[in-house]
Amino acid sequence: DVQLVESGGGLVQPGGSLRLSCAVSGFPFSDHHMDWFRQAPGKGLEWIGRSRNKALSHTTQYAASVKGRFTVSRGESENSLYLQMNSLKTEDTATYFCARDGSVGPTSKFDFWGQGTLVTVSS
Amino acid sequence: AIQMTQSPSSLSASVGDRVTITCRASQDIRSDLGWYQQKPGRAPKLLIYAASTLQSGVPSRFSGAGSGTDFTLTISSLQPEDSATYYCLQDDNYPLTFGGGTKVEIK
């Protein structure tokens, strides 16, 4: 079965750093694009970044709100996706989700999601 | 960034009703749109991708239509378990962007 399990959330002070992990199983990790999303408390969903598959050299894309502060990476041997978050702001407080892009075509479909991990940025 | 305008923001309907949610893109996104259902405290669930393709395992009462800038998600016969918030997501251009969500309540 496909599984995505996030970890690493918690309370951090403004300006601090945190690294989230998304451990995946049940599918060939290197074949799939993987994305991070977030949802602030009581708000809608926001896409924040992508790691493309191995065939596309794991290139990345970011939302403007996190570009230069957040880095998406992956560890193929660990079957894990990472989100390194630096210079955190109070507005980064959210539940963070990783998701698999299950598409083999030009359009995406986020068919499997992790359960989410809460990041709280507060002094 | 492409703006996705979703309407209505909320609706209340009875079991068995036909429900339609609309998303309008600020520019042509071809058919690069998905619909997601989210229940409180849960991760989103994929319903429809490529504007009109039903994800495996999703009940056939859900359907999607549209291309270009105007898209709809229809629930043909609303069921109690459909109480949730629904989001559209365009994946034609980075950054990927969501509609604001539609909260569906059962009367």
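Nothing here was measured: the structure is a model prediction, and the numbers come from that model.

A closer look at the pairing of strand β9 (residues 94-101) of chain A
Residues and elements named next belong to chain A. Summarising burial for β9: seven of the eight residues are buried, a large majority. For strand β4 (residues 34-39) and β9, the ladder comprises six bridges, and the chain directions are antiparallel. Residue pairing for β9: Phe37 is matched across the bridge by Phe97. Where β9 lies against strand β11 (residues 117-121), three bridges are found, and the strand directions are antiparallel. Pairing of Tyr96 across the sheet is with Thr117, part of β11. Two elements, β9 and strand β10 (residues 110-113), share three bridges in a ladder whose sense is antiparallel. If you follow Ala99 over to β10, its bridge partner there is Trp113.

Considering the pattern of salt bridges
Per the stated rule, a full pass over the model turns up 13 salt bridges over all chains. The salt bridge partner of B:Asp32 is B:Arg30, with a shortest N-O separation of 3.2 Å. A relative accessible area of 9% places B:Asp32 in the buried class. The closest approach of N and O atoms between B:Lys103 and B:Glu105, which form a salt bridge, is 4.0 Å. The class of B:Lys103 is partly exposed, set by a relative accessible area of 45%. Where salt bridges share partners, they join A:Arg38, A:Glu46, A:Arg69 and A:Asp92 into one cluster.

Rules and cut-offs
Residues numbered from 1 in each chain as written. Chains lettered and ligands numbered in written order. Predicted model: local features only at pLDDT ≥ 70, side-chain atom pairs only at ≥ 80, totals over all residues. Heavy atoms only, no water. Buried < 20%, exposed > 50% of the residue type's maximum accessible area, 1.4 Å probe, protein only. Helix = DSSP H or I, 4+ residues; strand = E, 2+ residues; numbered from the N terminus. Pairing = 2+ DSSP bridges. Salt bridge = Lys/Arg side-chain N within 4 Å of Asp/Glu carboxyl O.

By themselves these figures say nothing about function.
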